[in-house]
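Descriptive structure summary
Each chain, letter by letter, is given below.
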Amino acid sequence: MAIDYGKLIAEFGTREIDEALLARLERLTGTRAHPFLRRGLFFSHRELNLILDKYEQGKPFFLYTGRGPSSGSMHVGHMVPFIFCKYLQDVFQAPLVIQLTDDEKFLFKDMKIEDANKFAIENAKDIMAFGFDPERTFIFSNLDYMNSAFYRNVVKISKCITTNVSQAAFGFQGTDNVGKVHFVSVQAAPSFSNTFPQIFGPKGDIPCLIPCAIDQDPYFRLTRDGPTTKMSASDPNSAIYVSDTPAQIKNKINRFAFSGGQDTAELQAKLGGDPEVDVSFQYLRFFMEDDDELEAVRVAYRSGAMSTGQLKMKCIAVVQALVKDLQDRRKNVTDETVKSFMDPAVPKKTDLKPPSNVSDAVKAKMAKSG
């Protein structure tokens, strides 16, 4: 079933990322919007316009994303927020914090705490391979990084959120362990800049831009306001891992990717397929670079000029190249690389790239803020 984005926007109370906002983003950054934005894959926001206001005024902000490490290797679906954060860091030259919620996985899964922490470090190495700027990126494990500043914000947040509100937002039951209810505060704390005093100083007023799946929105909405088969990294056949071989990727797509095509080649040629429900086409929506090529594939598949097998072959080629590129960079991650990203004692830069349409005075102000 195709996703009803309008319904999601209404349900979560967000706002559509419309053409005017995209045009403003491109004007300020001097860069074409990312394919995820152009194709409506990142489709709604909360106050992105205010972040752009502050950016245009020469005021700082930072990026925050995260990963819940449930296995030793991420899958291709996990790449999406990191690809998008890499784009945002590049166009704004923005500082970025990445939370590894190994504590969450221990609380929510049948997993030893030592394994959760081990998975976090391995996932961190995958994340480093995306090419983030180590001078502007801090990656941290909750179990390893929790400190006075972090915990103070966790406590402040937890006092503002009642048990009833948390249960209503996330569906917790009386039989759930108390750590699940409390974790809401832990995940929200990194959205405050003074959780990282070694980077941003003691003030907590630097705004944060958080690219995330819409089902993560309640965590941050509570912080702001106060009182289809899903891929799973724990099911080896439901996901393509970033550690998979080309043969494994080919096998998984051919065998397990749901098809929107017809039952026979004859019917496919006559009636065409439905790209909106076809998993291989959805992979291409995320990972095929060229908009014109993607549209040509969509039209050919819809009309029946392209078969399901041909579509899967295109998908296999794109995903294999994507994964190989990440694997090649992952091989170059060393202990020194890990330290440069994860050691809180390593200094970070926080100055943003000046907007492309602002005055020299604002540019000078931004340069001094770094």
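Residues numbered from 1 in each chain as written. Predicted model: local features only at pLDDT ≥ 70, side-chain atom pairs only at ≥ 80, totals over all residues. Heavy atoms only, no water.

With that settled, the discussion passes to the packing of helix α2 (residues 19-29) against helix α4 (residues 48-56). Running from N to C, α2 and α4 point in directions that differ by 25°, and their axes come no closer than 11 Å. One finds that α2 runs roughly parallel with respect to α4. Considering only the axes of α2 and α4, their crossing is left-handed. Contacts between α2 and α4 involve L21, R24, L25 and L28 on the former and, on the latter, L48, N49, L52, D53, Y55 and E56. Of the residues contributing to the contact of α2 with α4, the split by class is 6 nonpolar, 1 polar and 3 charged. (Axes fitted to C-alpha atoms, helices over the stretch in contact; angles between N-to-C directions. Helix = DSSP H or I, 4+ residues; strand = E, 2+ residues; numbered from the N terminus. Parallel < 35°, antiparallel > 145°, perpendicular 65-115°, else oblique. Left-handed = near helix turned anticlockwise from the far one by under 90°. Contact = heavy atoms within 4.5 Å. Nonpolar A, V, L, I, M, F, W, Y, C, P; charged D, E, K, R; others polar.)

This part is about helix α9 (residues 148-160). For α9, which comprises 13 residues, the first-to-last C-alpha distance of 19 Å matches the rise-based estimate of 18 Å (1.5 Å per residue) to within 8%. Contacts from the buried residues of α9 go to β4 (96-100), β5 (137-141), α8 (142-145), α11 (178-188) and α12 (197-200). At the N-terminal boundary of α9, the capping side chain belongs to N147, with an oxygen 3.2 Å from the backbone nitrogen of A149. (Expected span 1.5 Å × (residues − 1). Polar contact = N/O pair within 3.5 Å; in protein donor to acceptor, adjacent residues only side chain to side chain.)

In this section: the state of the cysteines. Taken as a whole and assessed by the stated rule, the structure comprises 0 disulfides. Here C85 stays unpaired: no disulfide links it, and the sulfur of C208, its closest cysteine neighbor, is 9.6 Å away. (Disulfide = S-S within 2.5 Å.)

Turning next to a nonpolar patch on the surface. Residues F106, I113 and L143 make up a contiguous nonpolar surface patch of roughly 220 Å² in combined accessible area. Relative to the helices and strands, F106 is located in helix α6 (residues 102-108). (Patch = residues over 30% accessible without salt bridge, like charges linked within 9 Å, V, L, I, M, F, W, Y side chains within 5 Å. Areas by Shrake-Rupley, 256 points an atom, 1.4 Å probe, with all protein chains shown as cover. Salt bridge = Lys/Arg side-chain N within 4 Å of Asp/Glu carboxyl O.)

What follows is about the sheet that holds strand β3 (residues 62-67). Spatially, β5-β4-β3-β6 is the arrangement adopted by the 4 strands of the open sheet, whose pairing is parallel. The open sheet has two free edges, formed respectively by β5 and β6 (208-209), since each of these has just one partner strand. Each of β3, β4, β5 and β6 touches helix α5 (residues 79-92); the most contacted strand, β3, lies at about 165° to it. (Pairing = 2+ DSSP bridges.)

Along the chain, S303 turns up in helix α17 (residues 291-303). Residue S303 is classed as partly exposed on the basis of its relative accessible area, which comes to 43%. Spatially, the C-alpha atom of S303 lies 8.5 Å from that of Q268, the residues being 35 residues apart in sequence. If we ignore the near neighbours within four places in the chain, the residues touching S303 are A269 and G272. Polar side-chain contacts of S303 include one of 3.0 Å to the backbone oxygen of A300. (Buried < 20%, exposed > 50% of the residue type's maximum accessible area, 1.4 Å probe, protein only.)

The next subject is the packing of aromatic side chains. Taken as a whole and judged by the stated rule, the model has 24 aromatic pairs. Both rings, one in F130 and one in F132, keep their centres 6.4 Å apart while their planes meet at 35°; by these two values the pair is tilted. For the residue pair F130 and F132, the accessibility class agrees, reading buried in each case. Ring geometry for F138 versus Y145: centroids 5.1 Å apart, planes at 70°, classification edge-to-face. The burial state of F138 is the same as that of Y145; both residues are buried. Ring-pair connections join several aromatic residues into one group, and the members of that group are F36, F42, F84, Y87, Y283, F286 and F287. (Phe/Tyr/Trp six-rings, centres within 6.5 Å; stacked < 30°, edge-to-face > 60°.)

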